Amino acid sequence: MDLLSQIWEGSGLNQLTWGQAIMIGVGLVLLYLAIARQFEPLLLVTIGFGGILANIPGAGIAEGDGLLHLAYVVGIESGAFPLIIFMGVGALTDFGPLLANPKTLFLGAAAQFGIFATLLGALGLSELGVFDFGLREAAAIGIIGGADGPTAIYVAGRLAPELLGAIAVAAYSYMALVPLIQPPIMRALTTEAERKIEMVQLREVSRLERIVFPLLLLLLVALLLPSAAPLLGMFCFGNLMRECGVVDRLSDTTQNALINIVTIFLGLAVGSKLSAEQFLVPSTLGILALGMAAFALGTASGVLMGKLLNLVTREHINPLIGAAGVSAVPMAARVANRVGLEANRHNYLLMHAMGPNVAGVIGSAVAAGIMIMLVGD
Amino acid sequence: MDLLSQIWEGSGLNQLTWGQAIMIGVGLVLLYLAIARQFEPLLLVTIGFGGILANIPGAGIAEGDGLLHLAYVVGIESGAFPLIIFMGVGALTDFGPLLANPKTLFLGAAAQFGIFATLLGALGLSELGVFDFGLREAAAIGIIGGADGPTAIYVAGRLAPELLGAIAVAAYSYMALVPLIQPPIMRALTTEAERKIEMVQLREVSRLERIVFPLLLLLLVALLLPSAAPLLGMFCFGNLMRECGVVDRLSDTTQNALINIVTIFLGLAVGSKLSAEQFLVPSTLGILALGMAAFALGTASGVLMGKLLNLVTREHINPLIGAAGVSAVPMAARVANRVGLEANRHNYLLMHAMGPNVAGVIGSAVAAGIMIMLVGD
Amino acid sequence: MDLLSQIWEGSGLNQLTWGQAIMIGVGLVLLYLAIARQFEPLLLVTIGFGGILANIPGAGIAEGDGLLHLAYVVGIESGAFPLIIFMGVGALTDFGPLLANPKTLFLGAAAQFGIFATLLGALGLSELGVFDFGLREAAAIGIIGGADGPTAIYVAGRLAPELLGAIAVAAYSYMALVPLIQPPIMRALTTEAERKIEMVQLREVSRLERIVFPLLLLLLVALLLPSAAPLLGMFCFGNLMRECGVVDRLSDTTQNALINIVTIFLGLAVGSKLSAEQFLVPSTLGILALGMAAFALGTASGVLMGKLLNLVTREHINPLIGAAGVSAVPMAARVANRVGLEANRHNYLLMHAMGPNVAGVIGSAVAAGIMIMLVGD
Amino acid sequence: MVQGLHLMLAGMATVFVFLSVLVGATVVMSRVLMRLQGEPGPTADEVAAIVAAIERHRASGPDR
Amino acid sequence: MVQGLHLMLAGMATVFVFLSVLVGATVVMSRVLMRLQGEPGPTADEVAAIVAAIERHRASGPDR
Amino acid sequence: MVQGLHLMLAGMATVFVFLSVLVGATVVMSRVLMRLQGEPGPTADEVAAIVAAIERHRASGPDR
Ligand code: NA
Ligand code: NA
Ligand code: NA
């Protein structure tokens, strides 16, 4: 009968390509990592499921007027979703530890070396013929080293949308792998004595300082680096809503309903870029390798900057907290705390590591602004 | 004075047509049913109010750049709203009873007979000249028998948008009327002895089974019927968020803020299709009559399948729970429970009826996928 | 080096214009008023911050595909955001005091005199050459006197989008200044004896009256003034959801997550209109001056109507509650209460003033409908 | 300017007409609903008076 | 009409095939997962029997 | 490659300049606000010293 043959022709069994089958497998692996291993579950559950949906043969969910493609166009091509997430992250961020010890901002600056070194590496390997990345692609890959999901998605959406799927997967996967990636590097670059350094208790930070800081940061961005203003502007807005104390209902909604809704659609939209044609290509391996390098280099430069600061300032810091400068909030700060406790079981570095941790968010948003200005036409 | 005559000319008293007046009355009746009789209030309050707004003369709320028309274009023409609602329904669905007794899926399959028989009836009556429905319209009307609001709206939006208002009103009204429609049919088709059958307590279902089931369903959809993938994919996504245990904040938002917001605008947008030209036509009576037939036939075939299953399997089921196979979650399951208690006041069928109840949701989404593939070009 | 000069050229230090610097200052002043002085913080924090973002040189956040411009196009040009806010306001409004004493609706009517007198004043001063406002601009400015944010934004978006920034800032600022603007006028127009009038306790209002009232209002709008139907329709819809008792989950979401999310983007989108070219013009001063006049006139006419009502009705009202007829919910009602307590420290007018207060919301939405019908082509 | 004056008069007139109709409709609505619901309803004295009136009426009318 | 009949037959067939496959897959899935998780798992008696069997096996086998 | 090197140098330079300015601005901001708020503020001893200094100043200056 005609209808039955039509049903057979429309079926996945008939239409499924090897690429789609493999990508559905990749989606299932991401779900496994998210659910069983708790790898950044908020994003990897949604990205992984979106990836499966995008590879259902013939369903067209990630093309044309399919829901995932609509979400991509509305939310990622426009830049709106990562910016709204960044506003939510701002509303969830406590700048107190950073304000109590502003020099930890230098750690967040140093850790961005991973971004730029990886950019350079991607261009170098392309010149050697190993990969084939142009300047825009290299910049988007480097930003994986910022260890900050919305920043990476925002930059990739602007500079190299065809790599967005792989970049987002790499960024969130390595953020989840921070407890495996960072400790060996941290131990290799520090002495036992350095890891034992105890830090003085952080001072209390007044409410007024907390309110003024996001405005100060906004004004500096406006004066020095306007191309970072969309990201850091929304970040500061979220943080001001949190701290100002007069719009708590807006701040609560931003930290809950709004960020959750946008996370769901952001993840599905990112998943829509996990098509076989775009993901099952050699450059994905390159992105994964380079992204790992970016994390490792960022960690190393953060730790080394910690040691350098100890040479020039009076009040010593434990260089382990430099590793938290890559961002990966709050995982990297917890790792610094854990490695510190191994060396000295009375040494709680968590609060001290939160300073460089949020400094790393600012640092990679600044790096993103530079990239967008210099590389994005 | 010129301005006063302009005010008079712009007034509703001057512009109101009989059709608009009647449709405002229809909106008020829907509000009455929703508020005083608690007929599916979440949808009938919003649809009814939307219908009134759409018929205010000269206001243009349901046309051009009016808010309701925008909601229709953004949310229903694109298919986004019913799919998001379906994700929310997935996040609210407990597959436990179904997993404990998978053969109840057959009840959910049988109850879809109402859909296809109604399609056939609509075509037959059109051939006889009673109505004038083409294949797409007949398919969209049949889906009322799926007793599932978002599925009906999704299919009607794809196949017969001009009938969407009447179809949605019929679907939600009959879902609310399930306690009146189903019991006579259930009693007529079962013996007292059958209605008294007690079922064995359902086994406990492990967390892992609950996590794997939506993925299993998704993979089967991908392999067998990709055209059902948008609906069932979002449904499985919502359910996976619910069950996986690592994204509770996303699941909570999906079950509350997100589904509520989308319900408001979905209802208003459906109401925007309650214009006199589209609703006050003979075909609306046909839709109401055929929709009722679809519910009745679905109920009957669910019950009969229950009796058939008892002929071929060892562990007997109470055929009353077959009626829950039409969906109308959770009303139809409650009806099965109530009719069961009438026959045997110790016979609590509620949990047993939840299996076919959610199976009916899957079944009508499968039927919707077939319709969209075979009828929607 | 080339790149460094590119960075310098892209910096704000290089690009900043005087206009932008001043507008950033204006944004900071609005933030100060919102945070330190608690001037309508929900809106002035978001508008103020949006204004700063819009004036960051070269960032383009309020143009093209910048986030704030997208929010403006999607939410304000379409009218959707103010209408959704109005739905939320409806869901937050208790019509009980109005239903217990319906003649307070006359106070809400009288206070709209401020709107129309200001319109006339704007046209007169333009004829004298002081300002240069056309009919549409004058109408949009007059509506500031409605003392109702979403109404003002909705009307300005329709009639004079180029003035929207100044009109919204004026409306919210003066609503915050109501405790300073109104009392002198109220005292000047009333005698000590009048201010001492105690009012009889309001009767209980039944649930059914509360449910029927929004429908009654909706039907009157449909019959008499359809051009007010978008605003008042959404308002009545929100109120019906609140009162009907069967859709509490929708009502809760409307009053919280939905109104908060829309407020954030509404504020940012309004802020996007605070560009130097549009705001740093003489007409802004005109708008501020005329808006103040509108508030003062509305207050005065509300109080005078209170005195007039006492001449013709048996049951006396305290004319102070007439001042609450301008809206500015609930600030103006609190002001009436406070001034009443000064005259008679046992005289609690708060609940009595809530009647004219919400009547003022209806009144200015009616006035908005007239304006849109007669002035907007 | 003249246009503005006309607009003011038409506008205030419409506002007052609309809200007056609303006052009337609200008062009627409340009365009808109160009667329907019997809420707050006639007091015991009123009931007694009504009953008395009915009885007097019945007593007086041979035509019923 | 004939088209409708075909559609009905094809549709109901697909629904039943799909849900039958789902029943089968669900049953298999549940069995596999129960075995993997040892849930409900062997009872204490079963454990004792298994231990005894192993000991007997060890005692009997000189090749180990 | 050379372009990449330039980008790296310009990029890291900008990051460090930006964050250094931010460190400076934050330190100044905190100091100014602490002084404004008197938080943690001068201790009782410091107040005594200041008062003494002012009195000495007044005593010494006939021009005031
Ligand atoms: Na970072
Ligand atoms: Na169904
Ligand atoms: Na008003």
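Whatever comes next refers back to the structure up there.
Keep in mind the model is a prediction, meaning the values are calculated, not measured.

Novice: Residues and numbers for the overall build of chain A, please.
Specialist: When its secondary structure is counted, chain A shows 20 helices and zero strands. In terms of overall size, chain A behaves like a compact globule, its C-alpha atoms giving a radius of gyration of 21 Å where 377 residues would be expected to give roughly 21 Å. Each principal axis of the C-alpha distribution contributes one length, and for chain A these read about 85 × 50 × 40 Å. Burial statistics for chain A: of 377 residues in total, 69% are counted as buried. Counting only contacts in chain A whose residues sit at least 6 apart along the sequence, the fraction spanning at least 24 positions is 78%. Total accessible area on chain A stands at roughly 12100 Å², and carbon and sulfur atoms take up 61% of it. Taken together, the 18 basic and 24 acidic charged side chains of chain A have centroids lying 14 Å from each other.

Novice: If you had to explain the overall build of chain D to someone new, which residues and values would you point to?
Specialist: When helices and strands are tallied, chain D shows two helices and zero strands. Burial analysis of chain D (64 residues in total) assigns 28% to the buried set. For chain D, the computed accessible surface area is about 4300 Å², with 65% contributed by carbon and sulfur atoms.

Novice: A description of the relation of the copies chain B and chain C should follow, citing residues and the corresponding values.
Specialist: With an RMSD of 0.0 Å, the operation that places chain B on chain C is a rotation of 120 degrees combined with a shift of 0.0 Å along the axis. Here the transformation between the copies is reduced to the relation of a three-fold axis. The C-alpha atom lying nearest the rotation axis in chain B is that of Ala-257 of chain B; the distance is 3.7 Å. Taken as a fraction of all interface residues of chain B, those also at the interface in chain C reach only 3%, which identifies the copy contact as different-surface.

Novice: Help me get a handle on the packing of helix 5 (residues 67-77) of chain A against helix 16 (residues 248-271) of chain A, residues and values and all.
Specialist: Residues and elements named next belong to chain A. Between helix 5 and helix 16, the shortest axis-to-axis distance is 8 Å and the interhelical angle comes to 110 degrees. The orientation of helix 5 with respect to helix 16, classified from their angle, is roughly perpendicular. Between helix 5 and helix 16 lies a crossing whose hand is left-handed. The segment helix 5 lies against helix 16, with Leu-68, Ala-71, Tyr-72 and Ile-76 engaging Phe-265, Leu-266, Leu-268, Ala-269 and Val-270.

Novice: Help me get a handle on the coordination of the sodium ion (ligand 1), residues and values and all.
Specialist: Ideal geometry at a metal gives 109.5 degrees between four tetrahedral donors and either 90 or 180 degrees between six octahedral ones. The sodium ion (ligand 1) binds to the protein through Gly-146 of chain A (O), Val-326 of chain A (O), Ser-327 of chain A (OG), Gly-360 of chain A (O) and Ser-364 of chain A (OG), with metal-donor distances spanning 2.1 to 2.8 Å. Here the donor residues of the sodium ion (ligand 1) share one chain and are spaced in sequence as G-x179-V-S-x32-G-x3-S.

Novice: Explain the environment of Ser-227 of chain B to me, using residue names and the numbers behind them.
Specialist: All names here are of chain B. Note on placement: Ser-227 falls in the loop between helix 14 (207-224) and helix 15 (229-244). Those residues within four positions of Ser-227 in sequence are excluded, and the remaining contacts are Gly-369, Ile-370 and Met-373. In this structure the side chain of Ser-227 is engaged in a polar contact, spanning 2.7 Å, whose partner is the backbone oxygen of Gly-369.

Novice: Go over the packing of helix 5 (residues 67-77) of chain B against helix 6 (residues 80-92) of chain B with me, naming the residues and quoting the values.
Specialist: Residue and element names in this part refer to chain B. For the pair helix 5 and helix 6, the least separation of the axes is 5 Å and the interaxial angle reads 60 degrees. Here helix 5 lies oblique to helix 6, going by the angle between them. Here Ala-71, Val-74, Gly-75 and Ile-76 of helix 5 lie close against helix 6, whose contacting residues are Ala-80, Phe-81 and Pro-82. Tallied by class, residues from the contact of helix 5 with helix 6 come to six nonpolar, one polar and no charged.

Novice: Any chance you could break down the environment of Leu-223 of chain B for me, citing the residues and the numbers?
Specialist: Within the secondary structure layout, Leu-223 of chain B lies in helix 14. In this structure Leu-223 of chain B touches Ser-11, Gly-12, Leu-13 and Leu-16 of chain A, once residues within four positions along its chain are discounted.

Novice: Kindly report on the pattern of salt bridges, identifying the contributing residues and their values.
Specialist: Here the structure, examined in full by the defined rule, presents 26 salt bridges over all chains. Three or more residues are tied together by salt bridges with common partners; here these are Asp-94, Arg-210, Arg-242 and Glu-243 of chain B.

Novice: Hey, could you go over the environment of Pro-97 of chain C for me, with residue numbers and the actual values?
Specialist: Residues and elements named next belong to chain C. The topology assignment puts Pro-97 in helix 7 (residues 96-100). Considered as a pair, Pro-97 and Ala-296 are 199 residues apart in the sequence and their alpha carbons are 25 Å apart. Setting aside residues up to four positions removed in sequence, Pro-97 forms contacts with Leu-202, Met-351, Met-354 and Gly-355.

Novice: Summarise the packing of aromatic side chains; cite the residues concerned and give the values.
Specialist: Counted by the stated rule, this structure contains 18 aromatic pairs over all chains. Ring centres of Phe-49 of chain B and Phe-237 of chain C lie 5.0 Å apart, and the angle between their planes is 40 degrees; on these two criteria the pair is classed as tilted. A residue pair is termed interchain when its members come from two chains, as with Phe-49 of chain B in helix 4 (residues 41-54) and Phe-237 of chain C in helix 15 (residues 229-244). The class of Phe-49 of chain B is buried, set by a relative accessible area of 0%. For Phe-237 of chain C, a relative accessible area of 0% translates into the label buried.

Novice: Talk me through the nonpolar core; I want residue IDs and the actual numbers.
Specialist: The biggest cluster of nonpolar side chains holds 507 residues, and the ones touching the most others in it are Ile-47 and Ile-362 of chain A, Ile-47 and Ile-362 of chain B together with Ile-47 and Ile-362 of chain C. Setting aside anything within four residues of it in sequence, one finds Ile-362 of chain C in contact with Phe-95, Leu-98, Leu-105, Phe-213, Leu-217, Leu-232 and Phe-235 of chain C together with Leu-19 and Leu-22 of chain D.

Novice: I'd like to hear about the side chain of Gln-112 of chain C, residue by residue, with values.
Specialist: Looking at the secondary structure, you find Gln-112 of chain C in the loop between helix 8 (105-110) and helix 9 (113-127). In contact with Gln-112 of chain C, other than residues within four places in its own chain, are Gly-146, Gly-325, Gly-360, Gly-363 and Ser-364 of chain C together with Met-12 and Val-15 of chain D.

Novice: Any chance you could break down the layout of surface pockets for me, citing the residues and the numbers?
Specialist: Each pocket or cavity is described by its volume, and for the largest pocket that value is around 1500 Å³. Along its surface, the largest pocket is lined by 38 residues, and Val-74 of chain A, Val-74 and Phe-81 of chain B together with Val-74 and Phe-81 of chain C are the ones closest to its centre. Per-element tally for the lining of the largest pocket: the top contributor is helix 5 (residues 67-77) of chain C, with six residues. Per-class residue counts for the lining of the largest pocket are 34 nonpolar, three polar and one charged.

Novice: Mind laying out the interface of chain B and chain D, listing which residues take part and the relevant values?
Specialist: One widely used convention gives an interface's size as the accessible area the parts lose upon coming together. Listed as interface residues are four residues of chain B and, on the opposing side, four residues of chain D. Roughly 330 Å² of surface becomes buried between chain B and chain D when both sides are summed, with 90% attributable to carbon and sulfur atoms. For the interface between chain B and chain D, the tally reads zero salt bridges. Applying the counting rule to chain B against chain D returns zero residue pairs in polar contact (both at pLDDT 80 or more).

Novice: Explain the interface of chain B and chain C to me, and be specific about the residues and the numbers.
Specialist: The interface of chain B with chain C comprises 39 residues on the first partner and 32 residues on the second. Counting each side, the surface lost to burial between chain B and chain C is near 3000 Å², with a carbon and sulfur contribution of 84%. By the criterion of area lost to chain C, the three top residues of chain B are Ile-35, Phe-49 and Leu-67 of chain B, representing 19% of everything that side buries. Where chain B touches chain C, the interface holds zero salt bridges. Those elements that provide at least two residues to the side of chain B that touches chain C are helix 1 (2-10), helix 2 (12-15), helix 3 (18-36), helix 4, helix 5 and helix 16 (248-271) of chain B. Per-element accounting of the side of chain B that touches chain C gives the leading share, ten residues, to helix 16 of chain B. Classifying every residue of the side of chain B that touches chain C gives 27 nonpolar, eleven polar and one charged.

Novice: Tell me about the arrangement of the chains, and name the residues and values.
Specialist: What separates chain D from chain F at the closest point of their C-alpha atoms is a distance of 52 Å, and the two make no contact. The least C-alpha distance between chain E and chain F, which are not in contact, is 52 Å.

Novice: Mind laying out helix 4 (residues 41-54) of chain C, listing which residues take part and the relevant values?
Specialist: Here helix 4 of chain C is 14 residues long and its end C-alpha atoms lie 19 Å apart, about the 20 Å a rise of 1.5 Å per residue gives. Counting buried positions over the 14 residues of helix 4 of chain C gives 13, a clear majority of the element.

Novice: Could you give an account of a nonpolar patch on the surface, naming the residues involved and the relevant values?
Specialist: A cluster of nonpolar side chains, namely Trp-8, Leu-13 and Leu-16 of chain B together with Leu-223 of chain C, defines an oily patch on the protein surface of about 360 Å² accessible area. Turning to its location among the elements, Trp-8 of chain B is positioned in helix 1.

Novice: Can you tell me about unusual backbone geometry, naming the residues and giving the values?
Specialist: The peptide bond linking Val-329 of chain B to Pro-330 of chain B adopts the cis configuration, its omega dihedral lying at -10 degrees. When you line up the elements, Pro-330 of chain B lands in the loop between helix 18 (282-312) and helix 19 (331-343). Even without being glycine, Glu-40 of chain C reaches a positive phi, approximately 30 degrees. By the element assignment, Glu-40 of chain C lies in the loop between helix 3 (18-36) and helix 4. For Ala-328 of chain C, which is not glycine, the phi dihedral falls at a positive 50 degrees. When you line up the elements, Ala-328 of chain C lands in the loop between helix 18 (282-312) and helix 19 (331-343). Judged by its relative accessible area of 1%, Ala-328 of chain C falls in the buried class.

Cut-offs applied
- Residues numbered from 1 in each chain as written.
- Chains lettered and ligands numbered in written order.
- Predicted model: local features only at pLDDT ≥ 70, side-chain atom pairs only at ≥ 80, totals over all residues.
- Heavy atoms only, no water.
- Helix = DSSP H or I, 4+ residues; strand = E, 2+ residues; numbered from the N terminus.
- Rg over C-alpha atoms; globule rule 2.2 N^0.38 Å.
- Buried < 20%, exposed > 50% of the residue type's maximum accessible area, 1.4 Å probe, protein only.
- Contact = heavy atoms within 4.5 Å.
- Areas by Shrake-Rupley, 256 points an atom, 1.4 Å probe, with all protein chains shown as cover.
- Lys, Arg positive; Asp, Glu negative; His and termini not counted.
- Charge placed at Lys NZ, Arg CZ, Asp CG, Glu CD.
- Least-squares fit on C-alpha atoms with pLDDT ≥ 70 in both.
- Axes fitted to C-alpha atoms, helices over the stretch in contact; angles between N-to-C directions.
- Parallel < 35°, antiparallel > 145°, perpendicular 65-115°, else oblique.
- Left-handed = near helix turned anticlockwise from the far one by under 90°.
- Donors = N, O, S within 2.8 Å, 3.2 Å for Na, K, Ca; no water.
- Polar contact = N/O pair within 3.5 Å; in protein donor to acceptor, adjacent residues only side chain to side chain.
- Nonpolar A, V, L, I, M, F, W, Y, C, P; charged D, E, K, R; others polar.
- Salt bridge = Lys/Arg side-chain N within 4 Å of Asp/Glu carboxyl O.
- Phe/Tyr/Trp six-rings, centres within 6.5 Å; stacked < 30°, edge-to-face > 60°.
- Core = buried A, V, L, I, M, F, W, Y, C linked by side-chain atoms within 4.5 Å.
- 1 Å grid on protein atoms, 1.4 Å probe; cavity = no way out; pocket = protein on both sides within 12 Å on 5 of 7 lines; lining within 4 Å.
- Points joined across faces, edges and corners; volume = space filled by probe spheres on them.
- Buried area = accessible area lost by both parts, 1.4 Å probe.
- Expected span 1.5 Å × (residues − 1).
- Patch = residues over 30% accessible without salt bridge, like charges linked within 9 Å, V, L, I, M, F, W, Y side chains within 5 Å.

All quantities given are derived from atomic positions and should not be read as evidence of function.
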